[in-house]
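Inside the fold
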Amino acid sequence: MKFSKLAFILTLTWGCAAANAQQVPPPDAVALPTPSSTAQKLYSAAKADLLQVRSLLKTGRTQSSVGSGFLVGTSNLVLTNYHVVSQFALDPDTYTGEWVDTAGQRGSIELLAVDVLHDLAVVRVNRYGTGYFKLGDKPVTLTQGQYLYSMGNPLDLGFAISEGSFNGVIARSFYEQLMFTGPINAGMSGGPSVTVDGAVAGINVSKRLDGELVSFLVPARYAQELLKKVEPDAKPPKDFTAIVAQQLLVHQKAMIDQLLAKPLTAKAMGPYSVPVRESEQMRCWGRSNDRDSFSVEVTNCQMESSLFVSGSLQTGQVQIQHQFMKSTGLDAVRFAVLSSNSFKNEDFGNYKDKRLTGPSCTEQFVKNGNLPMRAVMCVRAYRKFDGLYDFALLTSSTDDGKMNLQSRLDARGVSYENGLRASRAFLESLSRGGKK
């Protein structure tokens, strides 16, 4: 299922009438409901501390991206999402930040801290909050169905408040998120979501594109933890690349440790036994297709979330895929051509990618127990983030002229050691021994 960091298309339909024409609603027109008094009171009390957070090109001050944020207490610190500030975090020579408040005032931004794992950032601005948005030491306790109110500047149209409800903690993301059944649109990223009492429950972060009113919040406790690490008067780092790299290294260790905490689960595909992993963070899907002369069965297991690093890079993810093909009418030669072409069509990246180096691949024939295989391993290094690599391991069985198992492991954004560790565990879990 496709997931995006709040990238949507807005279609506006404009109507016009003659300047002197009298506009009369049709007799069957339905009056739109007015916002609840609770939402009106909350927005009125909070609007002074709501900000739009903009990323601008330094040359010409052209707007590149927009999000939202909010002032914490009476300080000059603002909470927002990491993905809102990622451009000037990673490329400060090209981009800079700017804030705009509900009164139209604006000023410059200093980026003090980022938390890539939970998509949070703290910036410093040259104005202070009124004290409306407070984040205490204790997390807010929520109950299923409880009303929440999200604020921000949707689609750069103006500041707004949207009503919805809390519907539990989502565990499919590697890090917990709150499910908000209400509208969160592009531009609201980084804005606050509060209870009826005005307590900050979470920070707007994303929505599902394949559903209605399925949105997500970063729990406030992660923001509380990040704020504790910030020195309000500290000099901001000039470049966050090394800081982001270190956080990604922390994530990949936890990810691979969890993946390999216990042996991979064995699944039968034809006469073969293949490794899979199903968990809260990883889901497996299967499909089969019978052709006139051969059949294909596919199993695909993938983490349902990844880490946003930049507009062109998301990482910190593991994917496992198996494809079992069996001849039902092809002779051994034609089946060998079919399976060989399938093997050659696998993509390992190219040398033109500005984010990663070209793939460095090794190929050899290996035997795991009674299963001989052709194996290719490709490794790519991240150009800006030292110590991080993408690993891809592809295997193809060579034990039967009319059956073929092709398996692939992709581990993105891992250390070299953990890439080898995951590849070795995957390779050792492939065998022949399932049901025919």
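As named in an unreviewed UniProt entry, the protein chain is Serine protease, taken from Massilia eburnea.

The next subject is the pairing of strand 22 (residues 371-381). Consecutive side chains along a regular strand alternate between the two faces of the sheet. Buried residues dominate strand 22, accounting for eight of its 11 residues. As judged from the nine bridges shared by strand 21 (residues 360-368) and strand 22, these two strands associate in the antiparallel manner. When the sheet's bridge partners are listed, Ser 360 is paired in strand 22 with Val 379. Pairing of strand 22 with strand 23 (residues 389-397), which is carried by nine bridges, proceeds in the antiparallel orientation. Bridge pairing in strand 23 places Cys 378 opposite Ala 392.

Attention now goes to the nonpolar core. Of all hydrophobic cores here, the largest spans 63 residues; its most connected members are Tyr 82, Leu 111, Val 244 and Phe 385. Residue assignment places this core across two domains, with domain 1 (38-237) and domain 2 (245-432) each supplying three or more. With residues near it in sequence (within four places) discarded, Phe 385 still touches Leu 90, Thr 241, Val 244, Ala 245, Val 309 and Leu 313. Of all hydrophobic cores here, the second largest spans 29 residues; its members include Ala 46, Val 72, Tyr 222 and Ala 223.

Among the nine residues of helix 2 (residues 82-90), eight are classified as buried, and the element is accordingly described as predominantly covered. Residues of helix 2 that are buried: Tyr 82, His 83, Val 84, Val 85, Ser 86, Phe 88, Ala 89 and Leu 90.

This part takes up the pattern of salt bridges. Using the criterion set out here, one finds 16 salt bridges in the structure. Close ionic contact of Arg 61 with Glu 98 constitutes a salt bridge, the shortest N to O distance being 3.7 Å. A residue pair is termed long-range when its members are at least 10 positions apart, and Arg 61 in the loop between strand 2 (50-57) and strand 3 (63-71) and Glu 98 in strand 5 (residues 95-101) qualify at 37 residues.

Applying the stated criterion to the full structure yields eight aromatic pairs. Three or more aromatic residues joined by ring pairs form one cluster here, namely Phe 70, Tyr 132 and Phe 133. The aromatic ring of Tyr 222 is capped on one face by Arg 221, whose charged end is 4.4 Å from the ring centroid. Above the face of the Tyr 272 ring, Arg 432 is positioned so that its terminal group lies 5.6 Å from the ring centre.

On to the state of the cysteines, then. In the structure shown here, the tally under the stated rule is two disulfides. The disulfide that involves Cys 284 links it to Cys 301, with 2.0 Å between the sulfurs. A torsion of 105° about the S-S bond marks the disulfide between Cys 284 and Cys 301 as right-handed. With a gap of 17 residues between them, Cys 284 in strand 16 (residues 282-290) and Cys 301 in strand 17 (residues 294-303) connect regions that are remote in the sequence. For Cys 301, a relative accessible area of 0% gives the class buried. The side chain of Cys 361 participates in a disulfide bridge whose partner is Cys 378; the two sulfur atoms lie 2.0 Å from each other. Handedness of the Cys 361-Cys 378 disulfide follows from its S-S torsion of about 110°: it is right-handed. With Cys 361 in strand 21 and Cys 378 in strand 22, this residue pair connects regions lying 17 residues apart in the sequence.

What follows covers the sheet that holds strand 14 (residues 265-269). In a beta sheet, neighbouring strands pair by backbone hydrogen bonds and run either parallel or antiparallel. Taken in spatial order, the three strands make up an open sheet running 14-15-25, and their pairing is antiparallel. Both outer strands of the open sheet, strand 14 and strand 25 (431-432), are each paired with one neighbouring strand and no more. Two elements, strand 15 (residues 272-276) and strand 25, share two bridges in a ladder whose sense is antiparallel. Counted as the bridge partner of Tyr 272 is Arg 432 from strand 25.

Glancing now at the sheet that holds strand 6 (residues 106-115). In space, the six strands of this closed barrel follow the order 2-3-4-7-6-5, with antiparallel pairing throughout. With direction set aside, neighbouring strand axes in the sheet form an average angle of 40°. In terms of strand pairing, strand 3 meets strand 4 (residues 77-80) through two bridges, oriented antiparallel. Of the residues in strand 4, the one forming a bridge with Leu 71 is Val 78.

Quick notes on the rules
- Residues numbered from 1 in each chain as written.
- Predicted model: local features only at pLDDT ≥ 70, side-chain atom pairs only at ≥ 80, totals over all residues.
- Heavy atoms only, no water.
- Buried < 20%, exposed > 50% of the residue type's maximum accessible area, 1.4 Å probe, protein only.
- Helix = DSSP H or I, 4+ residues; strand = E, 2+ residues; numbered from the N terminus.
- Pairing = 2+ DSSP bridges.
- Core = buried A, V, L, I, M, F, W, Y, C linked by side-chain atoms within 4.5 Å.
- Domains from an automatic or database assignment.
- Contact = heavy atoms within 4.5 Å.
- Salt bridge = Lys/Arg side-chain N within 4 Å of Asp/Glu carboxyl O.
- Phe/Tyr/Trp six-rings, centres within 6.5 Å; stacked < 30°, edge-to-face > 60°.
- Lys NZ or Arg CZ within 6 Å of the ring centre and 35° of its normal.
- Disulfide = S-S within 2.5 Å.
- Axes fitted to C-alpha atoms, helices over the stretch in contact; angles between N-to-C directions.

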